[in-house]
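# Understanding the architecture of this molecule
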Amino acid sequence: MIALAWFGMVIRIGHFDVDVFLRAGRAVRDGRDPYPTPGTTAVSSGYAFVYPYLTAWPFAVLSGLPAADTVFVAGSMLAVLAGVRLTGARDWRVYALVVTASTTVIGLQMGTLNAWLFAALALAWRRRDHPLSAGVAVALAVYSKVFLAPVLLWLVLARRWRAAGVAVALLAALLGVGELVSPLGTASYFTMLGQLGRAEALTGVSLTGLLANVGLPMGGANALARCSALAVLAGCALALWRGHDERLAFTGAVVAGLLASPVLWWHYLLVLVAPLLALSVPAARDAAGARADRRPSPVPIAVFATATWFLVTPHRSTAAVLAVTAAIGTPLVLSCLLAPGGPGTFAGRLRPTVPKVTLVASLTAATITLGYIAVRLAAAHTPSAHVIGSYLMIVGVLALLAWAARTTAARSTGAGDGAASTDPRQRGDNSSPSTEDHAVDPRGIAAP
């Protein structure tokens, strides 16, 4: 699957985003300004460097290497695999599905930062009981992509005060250094981002773009999208107060970032894989109170990967490549749905025949129904076909959020948490070891 993604799709086209990073790196190395002139059309040309200034520094070194773009994309492939590993996945099917999800492939084709953002989020989740490493990972992710700023609130909602303090301090330091050395001040930089958002929102799949495409003024659409993100965060805070575990806060923070961002492309959705795999980990203890198998179930990622291919096809995919992908990917997805492996939310050995047929038929019917509804909604509001993708993106992230709320609800038989110890309101910061090594029963007693 990796070979198919790499040779069949990834290296067949130019890596446009990494070319922008490498040009910015060379400009920084030579002492030149890497930014376009604010207020000009160059900002939204697709070939301009519009990231925080310090983001260009690693590329100043990388740009001196031969085939630097291929080196970066290969490193991004490894970052995807590392991110999956950090979530605790050991099933080879999970790795294969994440690598060959359409969002992953498109991000690798373009040479984006998304693979590294996913790895950073996975690292932050894995090391959440370690304030320094979790805080550093969150700060670097937020600095690189501003739309991930709500992830800081995950640490706050989960009462991981020291990790939040580390993240805020490092982020402030990065912004301060950037303000001192960047040729573009912070205020001018955010003005440039606003210009970029207004120019690209209508052609992406963001909630802002969807609302603007159906008739709202851009300012109102942007405000409503941000209010939606705040509502998600407020709902997560209330749910945690009622006993849900912090996986919901982690998921809600990533979803809020996607909802609030005026610029959103399909390949951004790779960041959803981090909370998705975190949610796929079964509860610490099973219904009988025994220690449960903690490996992520492959079923959610199988559904996610399949959905991405229905939503968008990687660039310049030939009929032969698509046929081979379908021939290999379909049995892989069916294997996950019908033989999910160890205990968990989608637990069980090989499913008997009738549930197999029922499961596949119900998923097929749901897909057709959802697609039909999205097409009808889009046709009712605007003749522009690309808003169908925006509708489906919103439905998808809200479905993930609803599943997270259901999965993280408190259970009477155990911690109900593939995440941390007990209720974060009572736990405090880092008062118990990571559940990678210990389970915790309802009385707060660590199980051996």
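Quick summary incoming for the structure in this document. The shown structure was predicted, so the numbers you read here are calculated from the model rather than taken from an experiment. (Residues numbered from 1 in each chain as written. Predicted model: local features only at pLDDT ≥ 70, side-chain atom pairs only at ≥ 80, totals over all residues. Heavy atoms only, no water.)

## Focus on helix 6 (residues 102-110)
Heads up, the condition is: Type-normalised accessible area, obtained with a 1.4 Å probe on protein chains alone, sets the label of each residue: buried when under 20%, exposed when over 50%, and partly exposed for intermediate values. Strands here mean DSSP runs of E at least two residues long; helices mean DSSP runs of H or I at least four residues long; both are numbered from the N terminus.
A large share of helix 6 lies buried, amounting to nine of its nine residues. When we look at burial in helix 6, the residues that qualify are Ser102, Thr103, Thr104, Val105, Ile106, Gly107, Leu108, Gln109 and Met110. Looking one or two residues beyond helix 6, the residue adopting positive phi is Gly111, at roughly 75°.

## A few points about the environment of Ile11
For Ile11, the location among the structural elements is in the loop between helix 1 (2-10) and helix 2 (16-29). Look at Ile11 and you get partly exposed, because its relative accessible area is 37%. Each C-alpha atom of the pair Ile11 and Thr70 lies 7.9 Å from the other, and the pair is 59 residues apart in sequence.

## A short note on the packing of aromatic side chains
Note the cut-off: Two aromatic rings from Phe, Tyr or Trp, using only the six-membered ring of Trp, form a pair when their centres are within 6.5 Å; if the ring planes differ by under 30 degrees the pair is stacked, by over 60 it is edge-to-face, and anything between is tilted.
As enumerated under the stated definition, the model contains 15 aromatic pairs in all. Ring geometry for Tyr35 versus Phe49: centroids 5.4 Å apart, planes at 40°, classification tilted. Remark: Phe49 occurs in the loop between helix 2 and helix 3 (57-62) and Tyr35 occurs in the loop between helix 2 and helix 3; sequence separation between them is 14 residues. On the accessibility criterion, Phe49 (2% relative accessible area) is buried. In textbook terms, an aromatic cluster arises when at least three aromatic residues are bridged by ring pairs, as seen for Phe21, Tyr35, Phe49, Tyr51, Tyr53, Trp57, Phe59, Phe72, Trp116, Tyr189 and Phe190.

## Overview of the nonpolar core
Our working definition: Among buried residues, the Ala, Val, Leu, Ile, Met, Phe, Trp, Tyr and Cys ones that are joined through side-chain atoms within 4.5 Å form a nonpolar core. In what follows, a contact means two residues having at least one pair of non-hydrogen atoms within 4.5 Å.
Within the largest apolar cluster, 130 residues are counted, with the highest numbers of intra-cluster contacts made by Val138, Trp154, Leu258, Leu272 and Ile301. The leading source of residues in this core is helix 14 (residues 247-260), at 10 residues. Setting aside chain neighbours within four positions, we find Leu258 in contact with Phe147, Leu264, Tyr268, Leu269, Val271, Leu272 and Val397.

## Overview of unusual backbone geometry
Most peptide bonds take the trans configuration, and most residues that are not glycine carry a negative phi. Phi is positive for Ala67, close to 50°, though the residue is something other than glycine. With respect to the secondary-structure elements, Ala67 resides in the loop between helix 3 and helix 4 (68-86). Phi is positive for Arg159, which is not a glycine, with a value near 60°. Assignment of secondary structure puts Arg159 in the loop between helix 9 (151-157) and helix 10 (161-181).

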